[in-house]
Amino acid sequence: MQQPLVSVIIPVKNGLPHFRRVLDMLQKQELDAPFEVIVIDSGSSDGSKEAVPADDPRFRIVEIEPSSFGHGKTRNLGAELSRGEYCAFLTHDAAPANEVWLRELIRPLREDETVAGVFGRHLAYESATPFTRWELETHFEGLRNWPKVQITDAREYVRNQGLRQVYHFYSDNSSCMRKSVWRALPYPDVDFAEDQLWAKLAVEAGHAKAYAHDSVVYHSHDYTPWERLQRSYDEARALNELFGYELGATTGNALRQTWRTSGRDLILAWRNGWIRQAPVATLMRPLDNLARQIGYYLGTKRPRFTQRHERALSRDRRLQAQ
């Protein structure tokens, strides 16, 4: 095949059924230049490897041992194997929403040489609860105010944690970076939040980071309370260790946040008719909010309980062990 402009890199392990949709939408992408797709499988047993189209020369699959997988390390392997000027990344459950996902994702890179990396918007899957849909829509709508960020005032950047959080936010569920920047700034080899740590390093090195609102993937999770606690634990622990953020500083704060968010969700459910549309999800929201705050507290403070049960509390480690 011709020299690709973009290499789309997808780590996968037991990604069905969503992975089939990802592959199907990648084959439908409309781009004015060639692209390749590199699938890195780390021990799938559900047919994910067989789902990769063997008759499409744009696709190739690389197999690695499950024990060698790492969020940053595996993506770095994909970048090393890539031939494109740009390295785009998807997770195996982030399905492009339309045929222009890739075109819109690389647009900021093509139009502005100062941009080192760009990430796109997430939509909830059709089966998601209205609460999950609302959370994603609200989060990414807020990011429209920050289509491009670059440090111009170092003092304000250091002083303002809220500003730093915006500058650091980056999602490898759907993202793309210049390979030339990656050579100087590869992904950090960390357990979690490698994408946000990379964004921090990139902006602090003087690069710009962009948000492509019109590059859209379907990606969402409706967690059980225990899964929510695990996911929040992983997030809080990583953001505390890597950035010093405290998502759950005290038990009192956790209880106040649970009360506040549960009240907010009840109002949303009443105003939008979600009580009738999704009664079970509505009833579960207080428990979900409580599980989130417990996970944040345990991940931030790491009391003795978490040290004894760290493997059970980490959802990311459990998924990698499967």
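Look up: the structure comes first, before these words.
Values in this document were obtained by computation on a predicted structure and should not be read as measured data. (Residues numbered from 1 in each chain as written. Predicted model: local features only at pLDDT ≥ 70, side-chain atom pairs only at ≥ 80, totals over all residues. Heavy atoms only, no water.)

### Re the overall build of the protein
Assigned secondary structure in the protein consists of 16 helices and nine strands. Whereas a compact globule of 322 residues would reach a radius of gyration of roughly 20 Å, the protein reaches 20 Å, a difference of no more than 12%. Over its C-alpha atoms, taken along the principal directions, the protein stretches across nearly 60 × 50 × 45 Å. Expressed as a percentage of its 322 residues, the buried residues of the protein come to 54%. Intrachain contacts of the protein at a sequence separation of at least 6 include 78% that bridge at least 24 residues. Each charge sign in the protein was given a centre, from 43 positive and 42 negative side chains, and these centres are 6 Å apart. (Helix = DSSP H or I, 4+ residues; strand = E, 2+ residues; numbered from the N terminus. Rg over C-alpha atoms; globule rule 2.2 N^0.38 Å. Buried < 20%, exposed > 50% of the residue type's maximum accessible area, 1.4 Å probe, protein only. Contact = heavy atoms within 4.5 Å. Lys, Arg positive; Asp, Glu negative; His and termini not counted. Charge placed at Lys NZ, Arg CZ, Asp CG, Glu CD.)

### Describing unusual backbone geometry
Note the cis peptide between Leu 16 and Pro 17, where omega equals 5 degrees. The residue Pro 17 is located in the loop between β1 (6-12) and α1 (18-27) in this model. With a phi close to 65 degrees, Ala 193 is a non-glycine residue in the positive phi region. Residue classification places Ala 193 among the buried residues on the basis of a relative accessible area of 8%.

### So, the pattern of salt bridges
Opposite charge on two side chains permits them to pair, given that their charged atoms come into close proximity. Per the stated rule, a full pass over the model turns up 26 salt bridges. When salt bridges with common partners are traced through the structure, they connect Glu 135, Arg 228, Arg 264, Asp 265, Arg 285, Asp 288 and Arg 292 into a single cluster. (Salt bridge = Lys/Arg side-chain N within 4 Å of Asp/Glu carboxyl O.)

### Quick look at the side chain of Ser 48
For Ser 48, the location among the structural elements is in helix α2 (residues 48-51). Ser 48 sits in the buried class, given a relative accessible area of 1%. Polar side-chain contacts of Ser 48 include one of 2.8 Å to the side chain of Asp 46. Not counting residues within four places of it along the chain, the set of residues in contact with Ser 48 comprises Val 12, Asn 14, Gly 15, Leu 16, Phe 19 and Asp 41. (Polar contact = N/O pair within 3.5 Å; in protein donor to acceptor, adjacent residues only side chain to side chain.)

### What to know about α1
Taken together, the buried positions of α1 are occupied by Phe 19, Val 22, Leu 23, Met 25 and Leu 26. Looking straight down α1, one finds that the buried residues subtend no more than 165 degrees of arc, so they occupy a single side. (Arc of directions from axis to C-beta.)

### Brief notes about the environment of Ser 262
Within the secondary structure, Ser 262 is located in helix α11 (residues 251-272). Once the C-alpha coordinates of Ser 262 and Val 100 are considered, the two residues, 162 residues apart in sequence, prove to be 37 Å apart. In this view, Ser 262 contacts Arg 285, Pro 286 and Asn 289; residues no more than four positions away in its chain are not counted.

Take it as geometry only, folks, not as evidence of what the structure does.
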